[in-house]
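Fold and geometry: a report
Here is how the chains run, residue by residue.
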Amino acid sequence: MGLKILTEHINVPGIETLEVYRKHGGYRSVEKALKTMTPEEVVEEVKTAGLRGRGGAGFPAGMKWSFLAKPEGVPRYLVCNADESEPGTFKDRYFMQKNPHALVEGMIASSYALGANTSYIYIRGELMFILRILEKAIAEAYAAGLLGKNILGSGYDLDLHVAPGGGAYICGEETALLESLEGKRGNPRNKPPFPAVKGLFASPTVVNNVETISSVPWIINNTGAEYAKVGIGRSTGTKLISASGNINNPGVYEIELGVPVEEFIYSDEYCGGIWKGKQLKAVVPGGSSVPILPKELILKTAAGEPRLMSYESLSDGGFVSGSMLGSGAFIVFDEDQCIVRNTWNYSRFYHHESCGQCSPCREGTGWMEKVLHRIEHGHGHQQDIDLLVSVAKQIEGNTICPLGDAAAWPVASAVRHFREEFEWHIKHPKEATAPGAVYRGQLAEVTA
Amino acid sequence: MAKITFDGIEVEVEDGSTILQAARKIGGNVVPPAMCYYGPLKGSGGKCRVCLVKVTQGSAKDPRPMPKLVASCITQVQDGMVVENTTNEDVLNARKGIVEMLLINHPLDCPICDQAGECSLQDLSYEHGVSATRYEEERRTFNKVDLGPYIQLHMTRCILCYRCVYTADQITDKRVHGVLGRGDAAEIGTYIENVIDNDFSGNVIDVCPVGALTDKTWRFKNRVWFTKPLDAHRDCPTCSGKVTLWNRGDQVLRVTARKDEYNEVEEFICNTCRFDKKEMSDWTIEGPRHIDRGSVISANHYELPVVNVPIVPNLPKSTKKNLPQH
């Protein structure tokens, strides 16, 4: 069993109540930070910890905090991004549902560090039941003097609000989130200026993921140096992984970064192996927006080393033979899964969720979906495969926000690693479209 | 002031200028195209992505190249920046790709479109597009939307540049239209079908780069290249009254705001000037409007006398017989 920073007490009965949460050491970090540390010292601890954003991008949180502009007389904001909605990603909703006070505690400590007196938790509108849980936790915190004016007699004031979104995936992009929070249409903003300079209501703002913010109390209680000892290299600490797909034990796991992928898939502590004793075919290691990897590449890096659950190891080899840790949504495909169908399914999602502001994403995501639909339904042409690659390339890197990349990478990587399967679909439309049909030929060779 | 090198040409611009503004200072063929950026409208730009350029050197202080292509209309210059546009293959390929994307849901109905001849997308496709499309799926179509007596919305042609939305936000006192829906299902609309009826609503026609928003008082009356543009003005209590008249003979077929070489209006005009003043006697004529961009608008403005061309001598006899005798 590895160290549990976030989930140590998650299964304690009543942990969602303030009383039980405090009995298990809850809100110690708030007392420590507000009474014994300056905001700058808290930021330094987070920097020392090497905590990286857990929403997907993996940008160092302490560095992001230090970019925050501090003009006189202008409010600063902390916004928690709880708009988790990428296919396969469900760690934050699980965590908020089970342990809401951990997030509230993280919000108070982090807001103090950033000098924010008003903070928001922006939550996906569909998760209304979790919103109620959070609101109850916040009300308890207010009643206990942990929120509001003069928290714990420290002279620090903080108001915390929960804001439900309208249910658009694009609102998970930080600037679209801010637009939505301001009551506008959730379209990403052009950058610069970045939110750290001009964010919510044109004021300096930090947007962090639920898991990132919830890791801060442990760092304050145990020091950043201790946190940095956990994990591997620049991938410090622990990470919540939402494992799904054809595995024996789907669920949310907290791992110390650096666990071998093979161990994560096959050990009983985590995924428990492929279900029904089948063979592993492929894995999407970080949420549907990251490149898919076939069995050989998910278990070994480009250099032939065992692949680890870390930011660096999963991206080793670039997109030719690597992928990304992303949000840690680990989706496993067994030998009976059709990659073409799966890619079409992802593509449908990104087509539906594109905001439509910029031309390559608005038109390109739909184009890819339609071509994939054709191939999957037995009407594809050989040239469609190269067309998919070409359209993905036209989108990648040319859009306002990363949704374009998120739509292009799964398609480009599926063709890169499973081209033969696409060709088989086109050459054998009748067999490919039969119920339960799946290509079982040799996987395409990949050169690193 | 900041010095930047754009396609090998050094230019000095004011701090805070964008790369596009720097390129426009140079002028000519190096200027990136722009479909959504519109100088007079605050906050426009960054959406269509046709103005993407490569920054090969961020600044003199930080010479690292920018990792991705950037939208030149919203990216500010830094002293010592080096930018490639027409000299960079990645930029030209990306632009070609974006033109292809824009044309997916834009019908090529130029022969019947009132914007033909002054359509930015037509120019863009001519300069950066390819002759055939690889898109074989169904395209989106919409019914025409009635926005009142003056403006016709034909969403099928819309490329969602948001210019008209910014115009309505920024220069009219009553905004009744915006973007509805998401992705390629997004559309410009009035939510509950509504008339756009404020004093400056007609300007949405001028800012539309394609033929999605057209002037009902001008539709199908003529082709723009058969008309004669004249600068004119009148004493208007609402706007500057400085306009361009588009005449056929002495008949005023259309009134628009005056536009610069990048198709951006110099001054927005009111609906009275645009729609209600269609008599020559309403206006003080200043002289011919000089159209100096490579446009078909200037195609029929002959500067040389027309010479009589003899009837082609080698026609088949049967055809010759039917020709009128002079």
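Please refer to the structure higher up on the page.
Overview of the structure.

To continue, consider the sheet that holds strand E10 (residues 213–215) of chain B. Strand order across the open sheet formed by three strands is E6-E7-E10 (chain B), with antiparallel pairing between neighbours. Unpaired on one side and paired on the other, strand E6 (145–146) and E10 of chain B mark the two borders of the sheet.

On to the packing of aromatic side chains, then. Residue and element names in this part refer to chain A. Following the criterion strictly, the structure yields 18 aromatic pairs over all chains and no others. Relative to Tyr270, the ring of Tyr253 lies with its centre 5.8 Å away and its plane at 90°, an arrangement referred to as edge-to-face. Linking Tyr253 in strand E8 (residues 251–256) with Tyr270 in the loop between helix H11 (261–266) and strand E9 (280–284), this pair joins segments that are 17 residues apart in sequence. Like Tyr253, the residue Tyr270 is buried in the burial classification. Ring centres 5.1 Å apart and planes at 35° place the aromatic pair Phe264 and Tyr270 in the tilted group. For Tyr270, a relative accessible area of 4% corresponds to the buried category. Chaining the aromatic ring pairs together yields one cluster made of Tyr253, Phe264, Tyr270 and Phe330. The cationic tip of Lys276 hangs over the ring face of Trp275; the distance from NZ or CZ to the ring centre is 4.6 Å.

An α-helix turns once every 3.6 residues. As a result, residues three or four positions apart point the same way. All names here are of chain A. For helix H7 (residues 128–143), which comprises 16 residues, the first-to-last C-alpha distance of 23 Å matches the rise-based estimate of 22 Å (1.5 Å per residue) to within 8%. All buried positions along H7 are accounted for by Ile130, Leu131, Leu134, Ala137, Ile138 and Ala141. All buried residues of H7 lie within an arc of 125° about the axis, which places them on one face of the element. What points out from H7, more than 90 degrees from its buried face, is the exposed set Arg132 and Ala143. For H7, the elements touching its buried residues are helix H5 (91–98), helix H6 (100–114), strand E2 (118–123) and strand E3 (159–164). Positive backbone phi, at 75°, marks Gly145, one or two positions downstream of H7.

So, on to the nonpolar core. In terms of nonpolar packing, the biggest core is built from 66 residues, with Met35, Leu121 and Ile188 of chain B touching the most fellow members. Considering every element that reaches this core, the biggest residue donor is helix H2 (residues 89–104) of chain B, with six residues. Beyond its immediate stretch of four places on either side in the chain, Leu121 of chain B contacts Met35, Leu102, Leu103, His106, Ile159, Pro209 and Val210 of chain B. Listed in part, the 61 residues of the second largest apolar core include Ile5, Ala82, Ile123 and Leu160 of chain A.

Here we come to the pattern of salt bridges. Residue and element names in this part refer to chain A. One pass over the structure, following the stated rule, counts 42 salt bridges over all chains. As a salt-bridge pair, Arg132 and Glu135 come within 3.7 Å of each other at their nearest N and O atoms. With Arg132 and Glu135 both in helix H7, this residue pair falls three residues apart, about one helical turn. For Arg132, a relative accessible area of 53% gives the class exposed.

Before going further, it helps to examine the interface of chain B and chain A. Between chain B and chain A, the contact holds 32 residues from the first and 34 residues from the second. In this assembly, chain B packs against chain A so that about 2,700 Å² is buried in total across both faces, 47% of it on carbon and sulfur atoms. Three residues stand out in chain B for area buried against chain A, namely Met101, Arg134 and Arg182 of chain B, and they jointly supply 27% of the buried area on that side. Our count for the chain B to chain A interface comes out at four salt bridges. Notably, a salt bridge pairs Asp405 of chain A with Lys68 of chain B, separated by 3.3 Å at the nearest N-O pair. Summed over the shared surface of chain B and chain A, the number is 21 residue pairs in polar contact (both at pLDDT 80 or more). Listed by contribution, the elements that provide at least two residues to the side of chain B that touches chain A are H2 and strand E8 (178–180) of chain B. Broken down by element, the residue count for the side of chain B that touches chain A peaks at seven residues, all from H2 of chain B. When the residues that make up the side of chain B that touches chain A are grouped by side-chain class, the tally is 16 nonpolar, six polar and 10 charged.

Turning our eyes to something else, we now look at the sheet that holds strand E14 (residues 284–288) of chain B. Residue and element names in this part refer to chain B. The strand order across the open sheet built from four strands is E13-E12-E11-E14, with neighbouring strands paired in antiparallel fashion. Two strands bound the open sheet, and with one partner strand each, they are strand E13 (251–257) and E14. Pairs of neighbouring strands in the sheet enclose a mean axial angle of 35°, with direction left out of account. With four bridges joining them, strand E11 (residues 228–233) and E14 adopt antiparallel strand pairing. Across the sheet, residue Ala232 finds its bridge partner in E14, namely Ile285.

Here H5 of chain A has its buried residues at Lys91, Asp92, Phe95 and Met96 of chain A. End-on view of H5 of chain A: buried residues confined to an arc of 120°, all on one side of the axis.

Rules of the game
- Sequence order as written defines residue numbering, which begins from 1 separately in each chain.
- Here chains are named by letter from A upward and ligands by number from 1 upward, in the order in which they appear as written.
- With pLDDT at 70 or above as the cut-off, local features in this predicted model cover only qualifying residues; side-chain atom pairs require 80 or more to be listed or tallied, and sums for whole chains, interfaces and linings still use all residues.
- Note: side-chain values were computed over all heavy atoms of the structure, leaving out hydrogens and water.
- Between any two strands, at least two bridges found by DSSP are needed for them to pair.
- In this text, helices come from DSSP runs of H or I with a minimum length of four residues, and strands from runs of E with a minimum of two, each type numbered from the N-terminal end.
- When the centres of two rings from Phe, Tyr and Trp lie within 6.5 Å, Trp using its six-membered ring, the rings pair. Their planes under 30 degrees apart give stacked, over 60 give edge-to-face, and anything left gives tilted.
- Summary of the burial criterion: residues with accessible area below 20% of their type's maximum are buried, those above 50% are exposed, and those between are partly exposed, where the area comes from a 1.4 Å probe applied to protein chains only.
- Comment: the charge-over-ring label is applied if NZ (Lys) or CZ (Arg) is within 6 Å of the ring centre and within 35 degrees of the ring normal.
- What a helix should span is 1.5 Å times the count of its residues minus one.
- Read the arc as the range of directions from the helix axis to the C-beta atoms.
- Any two residues having at least one pair of non-hydrogen atoms within 4.5 Å are treated as being in contact.
- As used here, the term nonpolar core means buried Ala, Val, Leu, Ile, Met, Phe, Trp, Tyr and Cys residues forming a set that is joined through side-chain atoms within 4.5 Å.
- Put simply, a salt bridge is a Lys or Arg side-chain nitrogen that is within 4 Å of an Asp or Glu carboxyl oxygen.
- For any pair of parts, buried area is found by adding up, for both, the accessible area (1.4 Å probe) each one loses once the two are put together.
- Polar contact is defined as a pair of N or O atoms within 3.5 Å, subject to the rule that within protein one atom must be able to donate a hydrogen and the other to accept it, and that residues adjacent in sequence are counted only when both atoms are side-chain atoms.
- Here the term charged refers only to Asp, Glu, Lys and Arg, the term nonpolar to Ala, Val, Leu, Ile, Met, Phe, Trp, Tyr, Cys and Pro, and the term polar to all other amino acids, Gly among them.
- Fitting a line to C-alpha atoms yields each axis, with helices limited to the stretch in contact; the angle taken between N-to-C directions then spans 0 to 180 degrees.

Limitation: the analysis is restricted to geometry and does not speak to function.
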